[in-house]
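Close look at the chain arrangement
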2 protein chains.
Amino acid sequence: MPQQPHRVTLSPFPWRQNCAAAARLHRMASMRLTDWSSSSTTTSRLLPFSRTSNPARSYAVCPARRLLPMLPPNIASPVRLLTARRDFSASSVKAMMSVEACAKVIDGKAVAKKIREEIGAEIARMKSETGVVPGLAVILVGDRKDSATYVRNKKKACETVGIKSFEVCLPEDSAEQEVLKHISEFNDDPSVHGILVQLPLPSHMNEQHILNAVSIEKDVDGFHPLNIGRLAMRGREPLFVPCTPKGCIELLHRYNVEIKGKRAVVVGRSNIVGMPAALLLQREDATISIVHSRTRNPEEIIKQADIIIAAVGQPNMVRGTWIRPGAVIIDVGINPVEDAKSPKGYRLVGDVCYEEASKVASAITPVPGGVGPMTIAMLLSNTLTSAKRIHNLP
Amino acid sequence: MPQQPHRVTLSPFPWRQNCAAAARLHRMASMRLTDWSSSSTTTSRLLPFSRTSNPARSYAVCPARRLLPMLPPNIASPVRLLTARRDFSASSVKAMMSVEACAKVIDGKAVAKKIREEIGAEIARMKSETGVVPGLAVILVGDRKDSATYVRNKKKACETVGIKSFEVCLPEDSAEQEVLKHISEFNDDPSVHGILVQLPLPSHMNEQHILNAVSIEKDVDGFHPLNIGRLAMRGREPLFVPCTPKGCIELLHRYNVEIKGKRAVVVGRSNIVGMPAALLLQREDATISIVHSRTRNPEEIIKQADIIIAAVGQPNMVRGTWIRPGAVIIDVGINPVEDAKSPKGYRLVGDVCYEEASKVASAITPVPGGVGPMTIAMLLSNTLTSAKRIHNLP
């Protein structure tokens, strides 16, 4: 689904009711997941990147009651913001919030665009100097519309940066053996540096078996347990970091959000987003807590966070009252909720109630236009990294 | 070091001062670690097991102010305890605490003995029915006294349960290649089902390189990143779970401590204990937080825990005031502190100030006699599991 520029618009509902209404509509649409901890497969799965100079103005995660507006980053559209400082009193903040309190918008679309440009420039240089062109193979089984859209977007993104695309589309009733055969061919193909099997697979296939068949050197999704193990261990380095959580952390980096020593709460513990996001935050010396479907007091724990990464697939689950003033919010959820006013009949909302949260947080990703575009950018980055490693390039 | 039966004795110091004095003495002895997050290599590394009927009386992790004495488990020595119930008022608890408030002692020595007996019985049966005898190989490099003691204890424990011991002792100045050669031989030896390289290795050796050489099927320590990755991922199963954290969870199981939905705080994030312990707790649906050397407010976070696993190598770091009344404490630390009254000139204390904590917690492991003996028992268990898997036995 193509990402549209995001604008914060005022709803005809009072903000609190609006989130509640959206959640209610979502339930009516029967899209609710029974265990939101494993729902992140709905997130699109994409590519990699390398850090460069930071275009955003620096700002720190702030404790409650100490906020100050700052200059917007030059990568983001000019949004008035509510950010950290040590020298403001609670009363002045309250006054600000009542007038025009609005979190900085973490513009994933703009950051992803910048990263794609950086990757494109690096690939062009690599090609001219060494002749090497990174290649990414995608295997799609079945005819799910959302999967087809993701694959099309990935292909388009590859073309933009100069990565060669390989694609195999198999019918829904294909045998597992057929998928394994294609994986094996891509494993052996020296022009392919990344292999991606679009999830979910048809129910008659063993996902674990198929994912394990992807060569660890070409596992640009970073889902191989060996990569996850290396991610978890101090002193070890994974070959690839899973794209969506990598994108989350990259947004924090690009917006100069301090992670070290901060309280970070990850909402959701999926293999694809929540768990690796927590491991990444811990690698950067955050103090992490992981909230999931069995957590008895999510609100109480989330309220302690300086940084929140929400990845549960529950529309508007995290409310404004659950957020510590000044917290930074990365919202991974992309949930369709019914919307009669939209031409499509639905709109997309995150796991965090944006209208409420943007009045309390110091910075927040919009949905869409936040983490979504970053996932694709990270997939491109991982593919470039893989090509450089395989060809032993600096 | 042989484990002695543990008795809670009153110190000549007031309890608070006693912990402070121990910590001071420890600092004087210059044994302090600069970053306590990586200190758990001081913990002995041992073996595996399988759950059976639980001999301990059931009790729940309790919220503050709701405590009640309960019957002691038949595996533990009769210790008066302070445990969970829903129907006691704060005043009655206060009264109890002022008279003889004392946490249940989680008797690792007794539990480990029981597990060894279970393992011994299973091995005897296996041998008589199939002729298979589990084998464990230990490689020791250098002449560290503590390492030699650990290896001796492991060998002794193996003999007790009927596991065949293989041992290689190499001089401090051995080449890495020499160690790798022995690992390779044990990898190929069908009578060896578990291989253990005693850590720490001499500084000229690459620990990661050497540990990676151990066949994943014989990695009874569970330190291979593939095992850690599988431990981290939902829906995946590790071949082996690292022994010390496995022992911690086993103690909770044997004492019927409810884990699901509880707040668990792991203090320390080492690859050997803290990190895998957190992953294990999360697999059992606890809500985990990980406190480490960069955490700014450890006291505040630890105070929220229903279950605390402390593995940092800092004597008496966690004080009584840091503990929520009724919490369950698993103390992995084994820290020598100077003690002029001891014949050896030192005594061992945990990472938790026992005198203080035992007045607040509902249950606590002593040091020594808590987690230590469990680690060896878990190593034996992992070796048995490995033999059964390799020989395809039920």
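Bear in mind that the values here come from a model prediction, so they are computed numbers and not experimental data. (Residues numbered from 1 in each chain as written. Chains lettered and ligands numbered in written order. Predicted model: local features only at pLDDT ≥ 70, side-chain atom pairs only at ≥ 80, totals over all residues. Heavy atoms only, no water.)

1. Focus on the relation of the copies chain A and chain B
Note the threshold: Each copy is superposed on the other by least squares, with the fit set by C-alpha atoms of residues at a pLDDT of at least 70 in both. We call two residues in contact when some of their heavy atoms are within 4.5 Å.
Note on the copies: chain A fits chain B at an RMSD of 0.0 Å, the axial shift is 0.0 Å, and the rotation between them is 180°. Given the turn and translation reported, the copies of this chain are related as if by a two-fold rotation axis. Distance from the rotation axis, computed per C-alpha, reaches its smallest value in chain A at G229 of chain A: 1.7 Å. A symmetric contact is evident, with 100% of the interface residues of chain A recurring at the interface of chain B.

2. Overview of the sheet that holds strand β6 (residues 194–197) of chain A
Residue and element names in this part refer to chain A. Stated precisely, the cut-off is as follows: Two strands are counted as paired when DSSP detects at least two bridges linking them. Elements are defined by DSSP. Helices are runs of H or I of four residues or more, strands are runs of E of two residues or more, and each kind is numbered from the N terminus. Orientation is described by lines fitted to C-alpha atoms, with helices fitted over the stretch in contact, and by angles between N-to-C directions that extend from 0 to 180 degrees.
The three strands are arranged β5-β4-β6 in an open sheet whose pairing can be described as parallel. Two strands in the sheet have a free side with no partner beyond their single neighbour: β5 (164–170) and β6. Adjacent strand axes in the sheet meet at a mean angle of 15° when their direction is disregarded.

3. Let's talk about helix α7 (residues 225–232) of chain B
Operational definition: For every residue, the accessible area (1.4 Å probe, protein chains only) is compared with the maximum for its type, and the residue is labelled buried under 20%, exposed over 50%, or partly exposed between those bounds.
α7 of chain B sits mainly inside the fold: seven of its eight residues count as buried. Looking only at α7 of chain B, the buried set comprises P225, L226, N227, I228, G229, L231 and A232 of chain B. Where α7 of chain B is buried, its residues meet α7 (225–232) and α9 (274–283) of chain A together with α6 (207–213) and α9 (274–283) of chain B.

4. As for the UniProt feature "domain: Tetrahydrofolate dehydrogenase/cyclohydrolase NAD(P)-binding" (unreviewed entry) in chain A
Stated formally: UniProt positions are given in the numbering used here, feature names are shortened, and annotations may be inferred rather than shown by experiment.
Annotation from UniProt places "domain: Tetrahydrofolate dehydrogenase/cyclohydrolase NAD(P)-binding" (unreviewed entry) at residues 242–389 of chain A. Secondary structure across residues 242–389 of chain A divides into 34% helix and 19% strand, with the first and last C-alpha atoms of the span separated by 17 Å.

5. Focus: the pattern of salt bridges
Residue and element names in this part refer to chain A. The following threshold applies: A side-chain nitrogen of Lys or Arg and a carboxyl oxygen of Asp or Glu constitute a salt bridge if their distance falls within 4 Å.
Taken as a whole, this structure holds 28 salt bridges over all chains when the rule is applied. With a closest N to O distance of 3.5 Å, K155 and E167 form a salt bridge. Taken together, the residues K155 in helix α4 (residues 145–161) and E167 in strand β5 connect sequence positions 12 residues apart. Under the relative-accessibility criterion, K155 is labelled partly exposed at 35%.

6. Brief notes about the sheet that holds strand β4 (residues 135–141) of chain B
All names here are of chain B. The parallel open sheet is built from three strands, whose spatial order is β5-β4-β6. Edge positions in the open sheet fall to β5 (164–170) and β6 (194–197), since each of these has one partner strand only. Pairwise comparison of adjacent strand axes, ignoring direction, gives a mean angle of 15° for this sheet. Where β4 and β6 come together, four bridges link them in parallel fashion. Bridge pairing in β6 places I139 opposite V197.

7. Brief notes about unusual backbone geometry
That bond from V367 of chain A to P368 of chain A is cis: its omega, -5°, falls within 30 degrees of zero. Considering the arrangement of structural elements, one finds P368 of chain A in the loop between β13 (363–364) and α12 (371–390). We note that N392 of chain A has phi near 55°; this positive angle belongs to a residue other than glycine. Summarising the element assignment, N392 of chain A is placed in the segment after α12. Given a relative accessible area of 70%, N392 of chain A falls into the exposed group. Of note, the phi angle at N256 of chain B is positive, near 50°, even though the residue is not glycine. Checked against the element boundaries, N256 of chain B lands in the loop between α8 (243–254) and β7 (263–267). Classification of N256 of chain B by relative accessible area gives partly exposed; the value is 28%.

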